[in-house]
Amino acid sequence: MKRPFLTGSLTLAVSTLVIAGAGITAHAAPVTPAAQPKVSETQALQDATAQVSAHPQAVRAGAHDAFRAKGVQVDVDGTRHVHFDRTYQGLPVLGGDVIVHSAPGGSLDTATLSLQTPLSLSVTPSITDRQAVAAATRLFTGKQSKAAATLKVDALGDTAKLVWEVVVDGTGPDQAPSHLHVLVDARTGAIGSTWDTYSAFLPEGVKAKGGTGGTTANTLTSVAASGTGKGYMVGQVNLSTSGSGTSYTLTDANRGNGETRDAKNLTATNDSPPAGWGAAFTDTDNAWGSGALSDRATVAVDAHYGIQATWDFYKNVLGRNGIRNDGVGARSFVHYGTNYGNAGWDDDSFSMIYGDGDTGANPFTEVDVAGHEMTHGVTAATAGLVYTGDAGGLNEASSDIMGTMVEFNANIAADAPDYLIGEKININGNGTPLRWMDDPSKDGKSAKCWSSTVKNLNPHYSSGVGNHFFYLLAVGSGQSQWGNSPTCDGSSVAGLGNDAATKIWYRALSTYMTSNTDYPGARTATIKAAKDLYGAGSTQCSAVEKAWGAVSVAPTATTCGGATPTPTPTPTPTPGGNLLANPGFESGATSWTSSSGVVTNSANAAPHGGTYYAWLDGYGSAHTDTLSQSVAVPATATAPKLTFWNRISTAETGTTAYDTLKVQVVDGTTTTTLATYSNANATTGYVQRTLDLSAFKGKTVTVKFLGTEDSSLQTSFLIDDVAVTTS
């Protein structure tokens, strides 16, 4: 699996890896060469910029086009993906962004974009910005706060045109924040596409009908956190809070200081709730909520747990450090408005908003709703899919998909995972969900099969095609415990499971989708992602092709092809019998869950044995990597142990621990740290570590390595030949 890493800065300095420290003499392994510097974002950006200049035809660039980097991603083998926004004669181009994919040496490989031909149009408007604002504000039905127009080129359709993009900010008639975008033709004054960047859970015009659908509390295993809570949707859970003694707040210091606040049944006066708006939830004993809606902290428990569950899914499954991948947590506001019957993500204020619902209805603080809405923030930070046309459907589908996977990853008894969207809110008053992923057409509005007219649907309904594709890819067609999924072409599709399907979709979203990607483009993106992750001839890539065909998205120029995949080597057993699969990583990332690119065969460092190894951190900038595998420790084990070979090289000096490697065991929702190593423990080669697992006999646990690097001077943690043995 390759490693992408994104940061907010595109001017990071190149760090050179230097081996320092006295270290520990390596045992039974020769001293390996020092790890070499990884390709920096700065170098990747410079190379991609040079390639755009040298090959303008590849990005459909004319003499008046300019490009500004939006994000830089470098895979562990040095392959680069640089996402550029485009301007034409100085004007931003909607739908003109491009991802430049370069080979490890920096040469151009290919480019991802939706623009078909170079731009050629006049940029002199015939109507003024005031006229455009006047036309756009007539479409706004709530309480307007402000409006502004920006001259842009609209390349979202087949023919580029000059437009005023008017953004009308305010509060909608349903009390929600609103950021209405209206494209006004700058020549004729005609109204074009419109969309709202406040991402509401329920489509416009849909109201929850209420009814009793609430949950009773369920006791969960305690977590390594300071607080406990009893929520309405999540039951009894443990919460990560802040404070001490008799003063606590719902601020998660372990997850970027994500905070849950009380909106006091008010609406924000300036359309978006600013930092510090509302009131902090405080408590003296760090026990929150009662499970009853009469306790205002009850739904705060739901929302705060939603922050935890969403953060942990992205961090532990996909290696993403928060919504924007910058380690910063979002805010959640509960009790928003008076009987506000919806929930939503407001990217402008980087916050979640939850309504209590109409009288007699359930609140909107369900786990998959939290994951769904915060994924809108992830999409904004990666592909930037506009909320209109096919791209809008893919935006909404990404939120349904990842929200569902957040629910599966949390796996709590009070909200058992499924492929239903918003089922616990009881939106229809009869126990049915908002949407079904196995057959999206069950709601009477969503599309389950793609056609060229799907783009005309509201994104909440055009999302059905993406949801149906993902369900087929993960579960397969026909009857299962999760539903009964038809195919549009009468074919049969075998599912890959959630893990592979999730990683393929995320890789496609973060690496190969642009702001105007349509469903055929999504087919191309996911095939490229599957080839990157599993190989061109893999079962996984073939399944992607079959699943898209099953929802009527025809083949594009990008296909799987390739040779038959190489059989997975049988792991070499260790004394006492190794309970781990692929312990030496010689099958790549197979059987391991890791941050992208951690499992590698890069020649910039060296394994303890074989060809592959795990490389955590080593960037010389703030970074976190994870590596884990689930394992069942027999109750009959006499002396279960975890052993692994480890090498630590660093550019840090002295005995202060700046960068750390924690070896942990996750038992349910409890995390135990067995040992911590740091830059102060630098080695001259690989050393073998042995840790006791006796406390986990008779349990299925996850062995996890967590590498954390500070903002300067690299430390590389290399791991190889891992074993869990019974004696």
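With respect to the nonpolar core
With 95 residues, the main nonpolar core has F201, Y305, W505, M513 and W548 as its most contacted residues. Setting aside its immediate chain neighbours within four residues, W505 contacts L394, S398, I401, M402, F469, F470, M513, T526 and W548. V93, L115, L151 and V168 belong to the second-largest nonpolar core, a separate cluster that totals 39 residues.

Section: the confidence of the model for the protein
It should be kept in mind that the predicted coordinates are not to be read in detail where pLDDT is low. Summarising the model, the protein shows a mean pLDDT of 88, and 90% of its residues fall at 70 or more. Element-level pLDDT for the protein is lowest in strand β28 (residues 599-600), with a mean of 88, against a maximum mean of 98 in strand β3 (residues 91-94). Between residues 212-225, whose pLDDT stays under 50, and residues either more than four places distant or in other chains, the model counts 42 contacts. Considering only residues more than four positions removed or in separate chains, one finds that residues 563-576, a stretch of pLDDT under 50, has 15 contacts.

Quick word on the pattern of salt bridges
By the definition in use, this model includes 17 salt bridges. Its salt-bridge partner being R435, residue E396 comes within 3.3 Å of it at the nearest N-O pair. With E396 in helix α5 (residues 389-410) and R435 in strand β24 (residues 435-436), the pair connects residues that are 39 residues apart, well separated along the chain. Accessibility assignment for this pair places E396 and R435 in one class, buried. For K699, the salt bridge identified is with D667, shortest N-O distance 2.9 Å. Of this pair, K699 sits in strand β35 (residues 699-709) while D667 sits in strand β32 (residues 660-667), and the two are 32 residues apart along the sequence. Each of D75, R507 and D532 takes part in salt bridges that share partners, so that together they form one network.

Things to note about the sheet that holds strand β13 (residues 242-244)
If you walk across this open sheet you meet the three strands as β13-β14-β18, and the pairing is antiparallel. Of all strands in the sheet, those with a lone pairing partner are β13 and β18 (282-283), marking the two edges. Bridging between β13 and strand β14 (residues 247-249) involves three bridges; their strand directions are antiparallel. From the neighbouring strand, S244 faces β14, where its bridge partner is S247.

Re the environment of Y354
Its location among the elements puts Y354 in strand β22 (residues 351-354). A residue is classified by how much of its surface remains accessible, and Y354, at 1% relative accessible area, is buried. Linking Y354 and E366, residues 12 residues apart in sequence, is a C-alpha distance of 9.8 Å. Apart from residues no more than four positions distant in its own chain, Y354 is found in contact with A303, S332, F333, V334, H335, Y336, N342, A343, F364, T365 and A370.

Rules and cut-offs
- Residues numbered from 1 in each chain as written.
- Predicted model: local features only at pLDDT ≥ 70, side-chain atom pairs only at ≥ 80, totals over all residues.
- Heavy atoms only, no water.
- Core = buried A, V, L, I, M, F, W, Y, C linked by side-chain atoms within 4.5 Å.
- Buried < 20%, exposed > 50% of the residue type's maximum accessible area, 1.4 Å probe, protein only.
- Contact = heavy atoms within 4.5 Å.
- pLDDT = per-residue confidence, 0-100.
- Helix = DSSP H or I, 4+ residues; strand = E, 2+ residues; numbered from the N terminus.
- Salt bridge = Lys/Arg side-chain N within 4 Å of Asp/Glu carboxyl O.
- Pairing = 2+ DSSP bridges.

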